[in-house]
2 protein chains.
Amino acid sequence: MINDLLLTHINKNVKFSTRAQEEFCSFFQPKTIPKKEFLLQQGQVCKFEGFVIEGCFRIFSMDTKGNENTLYFAAKDWWLMDIDSFMNHKPSDLNIQALEDSKILMISEEDKTTLYDTVPIAEKFFRIMFQKSIVAWQRRLVQNHSLTAKERYHHFKKNYPEIVAKLTDRQTANYLGITHEFLSKIKKQA
Amino acid sequence: MINDLLLTHINKNVKFSTRAQEEFCSFFQPKTIPKKEFLLQQGQVCKFEGFVIEGCFRIFSMDTKGNENTLYFAAKDWWLMDIDSFMNHKPSDLNIQALEDSKILMISEEDKTTLYDTVPIAEKFFRIMFQKSIVAWQRRLVQNHSLTAKERYHHFKKNYPEIVAKLTDRQTANYLGITHEFLSKIKKQA
DNA sequence: AGATAGTGTTGAACTTGTTCAACATTTTTC
DNA sequence: GAAAAATGTTGAACAAGTTCAACACTATCT
């Protein structure tokens, strides 16, 4: 069933009653996104939250100098959205693009509000998700300061081999905050 | 009253009933921390969450190379904790040190659990706090990649002048991810 | 299948930021 | 109030990572 992955995911984090599980899932609708298509583009207001079932996405922004900046990649089992835009109803700074044919479960902004009101445990669930997310962001920041580009590359490759495998070197380099030329030189060294 | 700042803070984010406000605040106890003292040291399990009433703290980790790495500073109106350690009951990688004589409101781990169970709106409140926090971490990461050290310094000084004013240049430089010597050179340029 | 656009590699010159050491100044401590 | 410790500054040599340009290779599109 389409909701299996989502059910496994939520139960891994918070104990949902069977009733709550059903209600929770009923708010989500499947959507397929072909390779290269944008789920969200800079300037649009993000009116959804997505949970990746299969495929892979790149979440990135463009700075004033015209450089892309990859925030993260979302593969199976990851959440997908621009929190700032979603929460504050403001135009997004982010682009969300499918790197391959992908499938997600989506919830609209209105339904998310209803979900919080009708399934109270959802509030706890997402609180815990966000806490985990903060831990990950903090780690990434420390690593960016304390590791060299080479160390960061090997760390990423070791911890997310399935994701690295889906990426071009240019995408990997951008995520690591280095040029693709330099990544090429790093790979040669190793 | 001691809880005024906390009340203003929570009401800015979520509508609490008068009853919920009282209950919420009743879980917190004031604590003063003299300058230079550690509220948490690497290796300890973080069993509290703190809300800064006055003063300022530095949250940092030490990497394997022996370098300090400042995650953030927490002044009045900021929350204080090691989420990872608090959530997973594991030894912390972080140090939390008072930069000046400070006062916080504290809640213990057990009380936090009780708070979530007895004051349901607390769950929503902290979910929103965590969302905002993620937005801030994402922004910081993008800035670290897209701005030069000079730009980062001026950005930080412009956005958090009260905090910068409390810091030594070494602390500011460490937060920005550069050496204090280089910060000195940046300041000379400007 | 051929044209086209995107990807990975390499080298040389360059820029940003680091390291180390020395010194002057300020702050803390007894 | 003197001694000690921490802070900020400057310079010279260095290292990490960038930029630009050229080339070979691989996908993609019709």
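Located above this text is the structure these notes cover.
The text that follows walks through the structure, step by step, so that each part is easy to find. (Residues numbered from 1 in each chain as written. Chains lettered and ligands numbered in written order. Predicted model: local features only at pLDDT ≥ 70, side-chain atom pairs only at ≥ 80, totals over all residues. Heavy atoms only, no water.)

Points about the side chain of B:Asn3
All names here are of chain B. Tracing the backbone through its elements, the reader meets Asn3 in the segment before helix H1 (4-13). Taking relative accessible area as the criterion, Asn3 reaches 9% and is therefore assigned buried. Filtering out sequence-adjacent residues up to four positions away, Asn3 remains in contact with Cys25 and Leu105. (Helix = DSSP H or I, 4+ residues; strand = E, 2+ residues; numbered from the N terminus. Buried < 20%, exposed > 50% of the residue type's maximum accessible area, 1.4 Å probe, protein only. Contact = heavy atoms within 4.5 Å.)

As for the pattern of salt bridges
If you walk through the whole model with that rule in mind, you get 22 salt bridges over all chains. Measuring nitrogen to oxygen at the nearest pair gives 2.6 Å for the salt bridge that ties A:Lys112 to A:Glu49. Of this pair, A:Lys112 sits in helix H4 (residues 109-118) while A:Glu49 sits in strand E3 (residues 48-54), and the two are 63 residues apart along the sequence. For A:Lys112, a relative accessible area of 2% gives the class buried. Exposure remark for A:Glu49: the relative accessible area of 1% places this residue in the buried category. The shortest N-O distance in the salt bridge between B:Arg127 and A:Glu123 comes to 2.2 Å. Of this pair, B:Arg127 sits in helix H5 (residues 120-146) while A:Glu123 sits in helix H5 (residues 120-146), on two different chains. (Salt bridge = Lys/Arg side-chain N within 4 Å of Asp/Glu carboxyl O.)

Brief notes about unusual backbone geometry
Positioned with a positive phi, A:His89 is a non-glycine residue whose angle comes to about 50°. Within the secondary structure layout, A:His89 lies in the loop between helix H3 (83-88) and strand E7 (94-98). Overall, the relative accessible area of 49% leaves A:His89 in the partly exposed class. Although it is not a glycine, B:Asp77 adopts a positive phi angle of roughly 85°. Mapped onto the fold, B:Asp77 is located in the loop between strand E5 (68-75) and strand E6 (79-80).

Section: the protein's contact with DNA strand C
Around DNA strand C, 18 residues are found, and the nearest of them are A:Asp169, A:Ser184, A:Lys188, B:Ala149 and B:Thr179. Near the protein, meaning within 4 Å, the atoms of DNA strand C are sugar or phosphate in a fraction of 59%, with bases accounting for the rest. The separation between a phosphate oxygen of DNA strand C and a polar main-chain atom of B:Ala149 is 3.1 Å. A distance of 3.1 Å is found between a phosphate oxygen of DNA strand C and a side-chain nitrogen or oxygen belonging to B:Thr179. (Near = heavy atom within 4 Å. Polar contact = N/O pair within 3.5 Å; in protein donor to acceptor, adjacent residues only side chain to side chain.)

As for the packing of helix H6 (residues 149-159) of chain A against helix H9 (residues 180-189) of chain A
Residues and elements named next belong to chain A. Contact geometry of H6 with H9 gives a least axis separation of 10 Å together with a crossing angle of 75°. With respect to H9, the axis of H6 lies roughly perpendicular. In contact with Ala149, Lys150 and Tyr153 of H6, H9 contributes Phe182, Leu183, Ile186, Lys187 and Gln189. Residue classes in the contact of H6 with H9 are distributed as five nonpolar, one polar and two charged. (Axes fitted to C-alpha atoms, helices over the stretch in contact; angles between N-to-C directions. Parallel < 35°, antiparallel > 145°, perpendicular 65-115°, else oblique. Nonpolar A, V, L, I, M, F, W, Y, C, P; charged D, E, K, R; others polar.)

Some details on the side chain of B:Gln138
Mapping B:Gln138 onto the fold places it in helix H5. We classify B:Gln138 as buried; its relative accessible area is 10%. Apart from residues no more than four positions distant in its own chain, B:Gln138 is found in contact with A:Leu71, A:Tyr72, A:Leu94 and A:Trp137.

Here we look at the protein's contact with DNA strand D
A:Thr179, B:Asp169, B:Arg170, B:Ser184 and B:Lys188 are the nearest of the 18 residues found near DNA strand D. Within the side chain of A:Lys35, one N or O atom sits 3.5 Å away from a phosphate oxygen of DNA strand D. Measuring from a phosphate oxygen of DNA strand D, one finds a backbone N or O atom of A:Ala149 at 3.2 Å. Elements supplying a minimum of two residues to the surface near DNA strand D: H9 of chain A together with helix H8 (169-176) and helix H9 (180-189) of chain B. Top contributing element to the surface near DNA strand D by residue count: H9(B), with six residues. When grouped by side-chain class, the residues that make up the surface near DNA strand D number three nonpolar, six polar and nine charged.

Section: the sheet that holds strand E8 (residues 102-108) of chain A
Residue and element names in this part refer to chain A. Within the open sheet, the four strands sit side by side as E1-E8-E3-E6. Their pairing is antiparallel. Single-partner strands in this sheet number two, and they are strand E1 (29-33) and strand E6 (79-80). Looking at chain direction, E3 and E6 are connected through two bridges and run antiparallel. Directly across from Gly50, in E6, lies its bridge partner Leu80. Where helix H1 (residues 4-13) meets the sheet, its contacts fall on E3, E6 and E8, and the angle it forms with E3 comes to roughly 110°. (Pairing = 2+ DSSP bridges.)

Geometry only, nothing functional implied.
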